[in-house]
Amino acid sequence: DSSDFGSVGDTIVMVVDSLPVGISIGNASAMPQVWDFTTLGYERLDTLYFVSPASTQNGSNYPASNLALETPFINPYYIKSVTNLVLDGIFLKQFNGLPIDFAMQLEDNLKIMDFPSGYLTATNDTARVDSSFKAPPALAAYVDSLRIKRTMYVTNNFDAYGLVKTPSGSDSCLRQMR
(Lines give C-alpha, C1' and ligand atoms only; values in the text may rest on other atoms or scores of the structure.)
Protein backbone atom coordinates (compact mmCIF):
# COMPACT_ATOMS: atom_id res chain seq x y z
CA ASP A 1 0.00 0.00 0.00
CA SER A 2 1.02 3.66 -0.11
CA SER A 3 2.65 3.46 3.34
CA ASP A 4 5.39 1.30 1.78
CA PHE A 5 6.50 4.27 -0.33
CA GLY A 6 8.42 7.25 1.09
CA SER A 7 6.60 9.91 3.09
CA VAL A 8 7.53 13.41 4.23
CA GLY A 9 10.46 13.12 6.62
CA ASP A 10 11.78 9.80 5.25
CA THR A 11 15.37 9.45 4.09
CA ILE A 12 16.82 6.71 1.91
CA VAL A 13 20.58 6.25 1.88
CA MET A 14 21.85 4.25 -1.08
CA VAL A 15 25.26 2.74 -1.64
CA VAL A 16 26.14 3.16 -5.31
CA ASP A 17 28.28 0.72 -7.32
CA SER A 18 28.36 1.77 -10.98
CA LEU A 19 30.62 -1.12 -12.04
CA PRO A 20 29.01 -4.25 -10.58
CA VAL A 21 30.59 -7.59 -11.49
CA GLY A 22 28.76 -10.90 -11.75
CA ILE A 23 25.30 -9.44 -11.10
CA SER A 24 22.22 -10.86 -12.82
CA ILE A 25 18.62 -9.77 -12.37
CA GLY A 26 17.26 -12.82 -14.21
CA ASN A 27 13.89 -13.13 -15.90
CA ALA A 28 10.30 -12.81 -14.77
CA SER A 29 9.21 -15.92 -12.90
CA ALA A 30 6.28 -17.43 -11.05
CA MET A 31 8.76 -19.18 -8.74
CA PRO A 32 10.55 -17.39 -5.89
CA GLN A 33 13.95 -16.04 -6.99
CA VAL A 34 17.21 -15.38 -5.17
CA TRP A 35 19.15 -12.29 -6.28
CA ASP A 36 22.72 -12.45 -4.99
CA PHE A 37 24.20 -8.95 -4.86
CA THR A 38 26.75 -9.79 -2.16
CA THR A 39 29.63 -8.78 -4.47
CA LEU A 40 28.44 -5.17 -4.78
CA GLY A 41 31.16 -2.68 -3.99
CA TYR A 42 31.10 0.80 -2.50
CA GLU A 43 31.70 3.70 -4.86
CA ARG A 44 29.72 6.47 -3.17
CA LEU A 45 26.65 7.21 -1.09
CA ASP A 46 23.55 8.83 -2.51
CA THR A 47 20.67 10.09 -0.41
CA LEU A 48 17.01 10.73 -1.18
CA TYR A 49 15.16 13.14 1.10
CA PHE A 50 11.36 13.03 1.05
CA VAL A 51 10.13 16.51 1.99
CA SER A 52 6.99 18.60 2.03
CA PRO A 53 6.66 20.67 -1.16
CA ALA A 54 5.99 23.70 1.05
CA SER A 55 9.48 23.33 2.57
CA THR A 56 11.18 23.65 -0.81
CA GLN A 57 12.11 26.94 -2.42
CA ASN A 58 9.91 26.24 -5.45
CA GLY A 59 7.01 24.21 -4.05
CA SER A 60 4.51 26.97 -4.87
CA ASN A 61 4.86 25.99 -8.55
CA TYR A 62 3.18 22.66 -7.74
CA PRO A 63 0.26 23.47 -5.41
CA ALA A 64 -1.40 20.05 -5.81
CA SER A 65 1.74 18.17 -4.75
CA ASN A 66 2.01 16.67 -1.29
CA LEU A 67 5.47 15.06 -1.59
CA ALA A 68 8.80 16.14 -3.09
CA LEU A 69 12.32 14.78 -3.38
CA GLU A 70 15.12 17.17 -2.45
CA THR A 71 18.22 16.65 -4.60
CA PRO A 72 21.07 18.92 -5.69
CA PHE A 73 19.97 19.09 -9.35
CA ILE A 74 16.19 18.61 -9.54
CA ASN A 75 13.16 18.49 -7.31
CA PRO A 76 10.47 16.10 -8.55
CA TYR A 77 7.02 16.88 -7.11
CA TYR A 78 4.47 14.12 -6.54
CA ILE A 79 0.87 13.61 -5.56
CA LYS A 80 0.75 10.58 -3.30
CA SER A 81 -2.63 9.11 -2.41
CA VAL A 82 -3.85 5.78 -1.06
CA THR A 83 -4.50 4.64 -4.66
CA ASN A 84 -1.41 5.82 -6.60
CA LEU A 85 1.68 7.98 -6.96
CA VAL A 86 1.81 10.51 -9.80
CA LEU A 87 4.50 12.93 -10.91
CA ASP A 88 3.09 16.46 -10.82
CA GLY A 89 6.14 18.31 -12.13
CA ILE A 90 9.89 18.78 -11.92
CA PHE A 91 11.85 21.84 -10.85
CA LEU A 92 15.24 22.00 -12.58
CA LYS A 93 18.08 23.55 -10.60
CA GLN A 94 20.81 22.73 -13.13
CA PHE A 95 20.94 22.16 -16.86
CA ASN A 96 24.11 20.53 -18.21
CA GLY A 97 25.95 21.70 -15.11
CA LEU A 98 24.71 25.30 -15.39
CA PRO A 99 22.58 26.76 -12.60
CA ILE A 100 18.99 27.52 -13.64
CA ASP A 101 15.58 27.92 -12.04
CA PHE A 102 12.89 26.32 -14.15
CA ALA A 103 9.52 24.90 -13.14
CA MET A 104 8.76 22.17 -15.67
CA GLN A 105 5.02 21.61 -15.92
CA LEU A 106 3.64 18.35 -17.29
CA GLU A 107 0.71 18.54 -19.70
CA ASP A 108 -0.79 15.60 -17.79
CA ASN A 109 0.43 14.11 -14.53
CA LEU A 110 2.47 10.94 -15.00
CA LYS A 111 1.29 7.92 -13.01
CA ILE A 112 4.34 6.25 -11.47
CA MET A 113 2.60 3.35 -9.71
CA ASP A 114 -0.70 2.16 -8.32
CA PHE A 115 -1.22 1.26 -4.66
CA PRO A 116 -1.32 -1.42 -3.59
CA SER A 117 1.13 -3.02 -5.98
CA GLY A 118 1.99 -6.68 -5.81
CA TYR A 119 3.23 -9.57 -7.85
CA LEU A 120 1.97 -9.32 -11.47
CA THR A 121 0.62 -5.76 -11.16
CA ALA A 122 1.64 -3.23 -13.82
CA THR A 123 1.33 0.50 -14.49
CA ASN A 124 1.69 2.16 -17.89
CA ASP A 125 1.32 5.89 -18.52
CA THR A 126 2.50 8.74 -20.75
CA ALA A 127 3.00 12.46 -20.10
CA ARG A 128 4.34 15.30 -22.20
CA VAL A 129 6.36 18.43 -21.55
CA ASP A 130 6.72 21.34 -23.94
CA SER A 131 8.17 24.29 -22.05
CA SER A 132 10.65 27.09 -22.59
CA PHE A 133 12.79 28.93 -20.09
CA LYS A 134 15.26 31.79 -20.02
CA ALA A 135 18.80 30.70 -20.87
CA PRO A 136 21.30 30.58 -18.00
CA PRO A 137 23.71 33.56 -17.93
CA ALA A 138 26.56 31.39 -19.25
CA LEU A 139 24.58 30.82 -22.47
CA ALA A 140 22.99 34.28 -22.79
CA ALA A 141 25.55 35.38 -25.39
CA TYR A 142 24.40 32.54 -27.66
CA VAL A 143 20.68 32.01 -27.01
CA ASP A 144 17.93 33.82 -25.13
CA SER A 145 15.91 30.75 -24.15
CA LEU A 146 15.90 26.97 -24.10
CA ARG A 147 13.02 24.63 -24.87
CA ILE A 148 12.33 21.23 -23.37
CA LYS A 149 10.04 19.06 -25.43
CA ARG A 150 9.74 15.54 -24.15
CA THR A 151 7.39 12.60 -23.97
CA MET A 152 7.82 10.51 -20.85
CA TYR A 153 6.72 6.90 -20.59
CA VAL A 154 6.36 4.81 -17.45
CA THR A 155 6.11 1.05 -17.64
CA ASN A 156 6.25 -0.66 -14.25
CA ASN A 157 5.92 -4.39 -13.96
CA PHE A 158 6.14 -6.23 -10.66
CA ASP A 159 7.17 -9.47 -12.30
CA ALA A 160 9.11 -11.52 -9.76
CA TYR A 161 9.56 -12.00 -6.03
CA GLY A 162 11.96 -13.72 -3.70
CA LEU A 163 15.04 -12.97 -1.64
CA VAL A 164 17.68 -10.30 -2.29
CA LYS A 165 21.11 -10.79 -0.73
CA THR A 166 23.37 -7.76 -0.23
CA PRO A 167 26.66 -7.21 1.61
CA SER A 168 24.61 -6.02 4.61
CA GLY A 169 22.10 -8.89 4.75
CA SER A 170 19.09 -10.50 3.08
CA ASP A 171 15.47 -9.41 2.69
CA SER A 172 12.29 -10.54 0.99
CA CYS A 173 11.58 -8.45 -2.06
CA LEU A 174 9.23 -7.78 -4.94
CA ARG A 175 11.02 -6.98 -8.20
CA GLN A 176 9.88 -3.87 -10.06
CA MET A 177 11.03 -3.81 -13.68
CA ARG A 178 10.91 -0.42 -15.41
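Residues numbered from 1 in each chain as written. Predicted model: local features only at pLDDT ≥ 70, side-chain atom pairs only at ≥ 80, totals over all residues. Heavy atoms only, no water.

Caption draft 1: Spatial organisation of the overall build of the protein chain. Scanning the protein chain for helices and strands turns up 0 helices and 10 strands. Order of helices (α) and strands (β) in the protein chain, N terminus to C terminus: β-β-β-β-β-β-β-β-β-β. Along the first, second and third principal axes, the C-alpha set of the protein chain runs to 55 × 35 × 30 Å. For the protein chain, the residues scored as buried account for 33% of the 178 residues in total. Contacts in the protein chain between residues at least 24 apart in sequence constitute 51% of all its contacts with a sequence separation of at least 6. Within the structure as shown, the protein chain displays about 10700 Å² of accessible surface, and the carbon and sulfur contribution to it stands at 54%. For the protein chain, the separation between the mean place of its 12 positive charges and that of its 18 negative charges on side chains is 5 Å. (Helix = DSSP H or I, 4+ residues; strand = E, 2+ residues; numbered from the N terminus. Buried < 20%, exposed > 50% of the residue type's maximum accessible area, 1.4 Å probe, protein only. Contact = heavy atoms within 4.5 Å. Areas by Shrake-Rupley, 256 points an atom, 1.4 Å probe, with all protein chains shown as cover. Lys, Arg positive; Asp, Glu negative; His and termini not counted. Charge placed at Lys NZ, Arg CZ, Asp CG, Glu CD.)

Caption draft 2: Looking closely at the layout of surface pockets. Taken as a whole, the largest pocket spans an internal volume of roughly 1200 Å³. Around the largest pocket, the lining comprises 30 residues; the ones closest to its centre are M14, V164, C173, L174 and Q176. Here the lining of the largest pocket is built from residues that sort into 19 nonpolar, 6 polar and 5 charged. The space that makes up the second largest pocket amounts to roughly 280 Å³. Forming the walls of the second largest pocket are 14 residues, and the residues nearest its centre are F5, L48, L69, P76 and Y78. Here the lining of the second largest pocket is built from residues that sort into 12 nonpolar, 2 polar and no charged. (1 Å grid on protein atoms, 1.4 Å probe; cavity = no way out; pocket = protein on both sides within 12 Å on 5 of 7 lines; lining within 4 Å. Points joined across faces, edges and corners; volume = space filled by probe spheres on them. Nonpolar A, V, L, I, M, F, W, Y, C, P; charged D, E, K, R; others polar.)

Caption draft 3: View of the packing of aromatic side chains. All chains considered together, the criterion is met by 5 aromatic pairs. Centre to centre, the rings of Y62 and Y77 are 4.4 Å apart; their planes meet at 20 degrees, and the pair counts as stacked. A residue pair is termed long-range when its members are at least 10 positions apart, and Y62 in the loop between strand 3 (44-51) and strand 4 (67-70) and Y77 in strand 5 (residues 74-80) qualify at 15 residues. Taking the relative accessible area as the measure of exposure, Y62 reaches 1% and is therefore buried. Counting every residue linked through ring pairs, the aromatic cluster contains F5, F50 and F115. (Phe/Tyr/Trp six-rings, centres within 6.5 Å; stacked < 30°, edge-to-face > 60°.)

Caption draft 4: Looking closely at the sheet that holds strand 5. Strand order across the open sheet formed by 6 strands is 1-3-4-5-6-7, with antiparallel pairing between neighbours. Looking at strand neighbours, the two that pair on one side only are strand 1 (11-16) and strand 7 (98-114), the edges of this open sheet. Adjacent strand axes in the sheet meet at a mean angle of 20 degrees, parallel and antiparallel pairs treated alike. Taken together, the 2 bridges between strand 4 and strand 5 define a ladder with antiparallel strand orientation. (Pairing = 2+ DSSP bridges. Axes fitted to C-alpha atoms, helices over the stretch in contact; angles between N-to-C directions.)

Caption draft 5: Seen up close, the environment of T121. Structurally, the position occupied by T121 is in the loop between strand 7 and strand 8 (122-134). When the C-alpha positions of T121 and D159 are compared, they lie 7.6 Å apart, and in sequence the two are 38 residues distant. Not counting residues up to four positions away in its chain, the partners in contact with T121 are N156, N157 and F158. Among the polar contacts made by the side chain of T121, one reaches the main-chain carbonyl oxygen of G118 at a distance of 2.7 Å. (Polar contact = N/O pair within 3.5 Å; in protein donor to acceptor, adjacent residues only side chain to side chain.)

Caption draft 6: Fine view of the pairing of strand 7. Here strand 6 (residues 84-95) pairs with strand 7 via 10 bridges, running antiparallel. Across the sheet, residue V86 finds its bridge partner in strand 7, namely K111. Between strand 6 and strand 7, which pair antiparallel and follow one another directly, the connecting turn spans 2 residues, one of which, N96, has a positive phi of 50 degrees.

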